[in-house]
Amino acid sequence: MERLFKRSFALMLGLVLVLSLVSFAPALAAEKTKITYALWDEAQKPVFDQIVAKFMEENPDIDVEVQLTPWADYWTKLDAAMGANTAADVFWMNTYLPKYVKAGVLQPLDDYIKAAGIDMSGYVKVVTDAYKMDGVQYAMPKGMDTVQVFYNKAIFKKYGVDEPKDGWAWADMVAIGKQLKDKITAAGASEYPLAMELDPQPCYFNFIKQDGGFVLSDDEKTAGFDQAGTIKSYQDVLDLMKDGVMPDAKVLSDTKGTDLFLSQKAAMLFMGSWKAIVLDGASFASDIGVIPMPKMDSSNTSVIAGLGYAMNANCQNKDAAWKLIQFLSGEEANKMQAEGKIDMPALISAQQYYVPNFKNFDAGVFYKVAETGYFFPTSTSVADWLPIVMDVSSQILSGAVTPEDGCKSIQSQIQPILDAQ
């Protein structure tokens with residue numbers, strides 16, 4: 001009887017312990033800190049799912065929800081969520097940063113950086129500085145992209161034209177383009193010597209700087225579309241079309257320059273490093289060369305863009321959000337991005353993992369270009385003036401308005417915006 005009592009008591013005690021554990025399980029699960037992380041690139045998300053999984057493995061007390069919003073809706077959703085105080089805790093930021101700093105919705109990161117002992121000189125300076133305003137760091141550098149010229153060696157060989165060489169000038173490029181055009185025409189073929197995508201970064205924002213003009217003054221208060229160099233930069237592109245070196249705006253609006261190059265219908269392509277993974281996977285990738293842009297009147301300086309990791313100033317779990325940002329911008333996460341070829345690391349020590357992944361062309365040129373690059377022009381009112389620049393620039397390059405009249409129109413529209421910012 002005593003044995004039976006002891007056995008029953010043990011069973012009851014075990015049942016109580018089991019029930020206790022079951023009842024405490026939700027409480028234990030609830031102790032995890034939940035944060036959200038927003039990005040816009042579906043091509044990068046699979047790698048970031050792996051990066052975030054690794055972060056949660058190393059930080060089992062933090063649960064991260066990755067939120068993907070396509071680029072077309074990202075900023076609209078972010079603005080609405082900020083207004084409703086439902087925005088993600090950590091999110092991607094780009095050249096629109098000044099707008100969000102002005103709105104007071106970004107958390108300054110300097111104290112976190114100092115406490116973590118992070119040396120910001122370990123990141124590419126132009127990207128670090130792009131996410132700093134009035135001496136305050138508002139985002140940690142993620143990656144960067146540069147613009148250069150890709151070329152199809154097989155097309156050059158086919159028509160017996162010498163490939164471009166490092167240190168070339170704009171006049172050299174025009175001469176090469178004309179040689180190709182003449183030989184293509186003589187052969188009754190249909191390739192184009194050169195293609196571009198007529199957007200600010202891979203096209204006219206580079207040439208404005210290279211021709212001695214400017215988009216914005218250094219203090220971001222004055223537009224430079226009334227400058228002779230700025231006007232000339234548009235004419236330079238139009239001249240390429242006029243000379244038959246490059247297809248006209250209608251062709252380039254119907255078929256993107258990158259698609260022309262990928263279909264081997266263009267010998268040269270002005271393009272950003274963000275397309276490198278696509279080009280490296282092309283059927284003719286072993287015939288692709290890459291070279292810095294040719295030098296124009298002033299330079300061959302190119303536009304650099306890049307992303308940063310920002311923290312919502314209204315985040316309820318800032319320590320956890322910072323841990324995620326620190327991990328995302330650290331060595332391990334950058335290595336995973338580099339090996340996935342989804343971004344050029346802005347973390348200098350992680351750049352070694354990026355270049356070797358490209359088997360068909362020298363991705364090291366991207367970093368060479370970055371040494372003399374400048375960051376995409378921006379200001380607190382960029383969301384208001386940039387669409388105007390893009391719209392009128394399209395009109396100029398389509399021939400609807402002259403470079404002089406188009407630049408005059410841009411200047412008259414965006415200077416009041418800059419004055420009011």
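Residues numbered from 1 in each chain as written. Predicted model: local features only at pLDDT ≥ 70, side-chain atom pairs only at ≥ 80, totals over all residues. Heavy atoms only, no water.

Asks: Residue-level account of the overall build of the protein chain, with values.
Replies: Of the regular secondary structure elements, the protein chain holds 18 helices and 13 strands. Relative to its full complement of 421 residues, the protein chain shows a buried share of 51%. Taking as baseline every contact in the protein chain between residues at least 6 positions apart, the subset at least 24 positions apart corresponds to 74%. For the protein chain, the accessible area works out to roughly 19200 Å², and carbon and sulfur atoms hold 54% of it. A gap of 5 Å separates the mean positions of the 37 positive and 53 negative side-chain charges of the protein chain. (Helix = DSSP H or I, 4+ residues; strand = E, 2+ residues; numbered from the N terminus. Buried < 20%, exposed > 50% of the residue type's maximum accessible area, 1.4 Å probe, protein only. Contact = heavy atoms within 4.5 Å. Areas by Shrake-Rupley, 256 points an atom, 1.4 Å probe, with all protein chains shown as cover. Lys, Arg positive; Asp, Glu negative; His and termini not counted. Charge placed at Lys NZ, Arg CZ, Asp CG, Glu CD.)

Asks: Can you explain the packing of helix 10 (residues 228–242) against helix 18 (residues 403–420)? Please cite residues and give values.
Replies: The N-to-C vectors of helix 10 and helix 18 enclose an angle of 135°; their axes lie 9 Å apart at closest approach. In terms of orientation, helix 10 and helix 18 fall into the oblique class. For the pair helix 10 and helix 18, the sense of crossing is right-handed. On helix 18, the residues touching Thr230, Ile231, Tyr234, Gln235 and Leu238 of helix 10 are Pro403, Glu404, Cys407 and Ile410. Of the residues that constitute the contact of helix 10 with helix 18, the class distribution is six nonpolar, two polar and one charged. (Axes fitted to C-alpha atoms, helices over the stretch in contact; angles between N-to-C directions. Parallel < 35°, antiparallel > 145°, perpendicular 65-115°, else oblique. Left-handed = near helix turned anticlockwise from the far one by under 90°. Nonpolar A, V, L, I, M, F, W, Y, C, P; charged D, E, K, R; others polar.)

Asks: So what about the packing of aromatic side chains? Which residues, and what values?
Replies: Aromatic ring pairs are described here by two measures, namely the spacing of the ring centres and the angle between the planes. Tallied over the entire structure, the rule returns 29 aromatic pairs. Considering the side-chain rings of phenylalanine 48 and tryptophan 92, the 5.8 Å spacing of their centres and the 70° angle between planes classify their relative orientation as edge-to-face. Here phenylalanine 48, found in helix 2 (residues 45–58), pairs with tryptophan 92, found in strand 3 (residues 90–93); they are 44 residues apart in sequence, far enough to count as distant. Taken individually, phenylalanine 48 and tryptophan 92 each receive the classification buried, so the pair is uniform in this respect. Here a set of aromatic residues connected by ring pairs shows up, and it is made of Tyr37, Trp40, Phe48, Trp71, Tyr74, Trp75, Trp92, Tyr96, Tyr100 and Tyr309. The ring of tyrosine 374 is capped by lysine 209, whose NZ or CZ atom sits 4.9 Å from the centre of that ring. A cation over an aromatic ring shows up here: lysine 341 above the ring of phenylalanine 358, its NZ or CZ 5.3 Å from the ring centre. (Phe/Tyr/Trp six-rings, centres within 6.5 Å; stacked < 30°, edge-to-face > 60°. Lys NZ or Arg CZ within 6 Å of the ring centre and 35° of its normal.)

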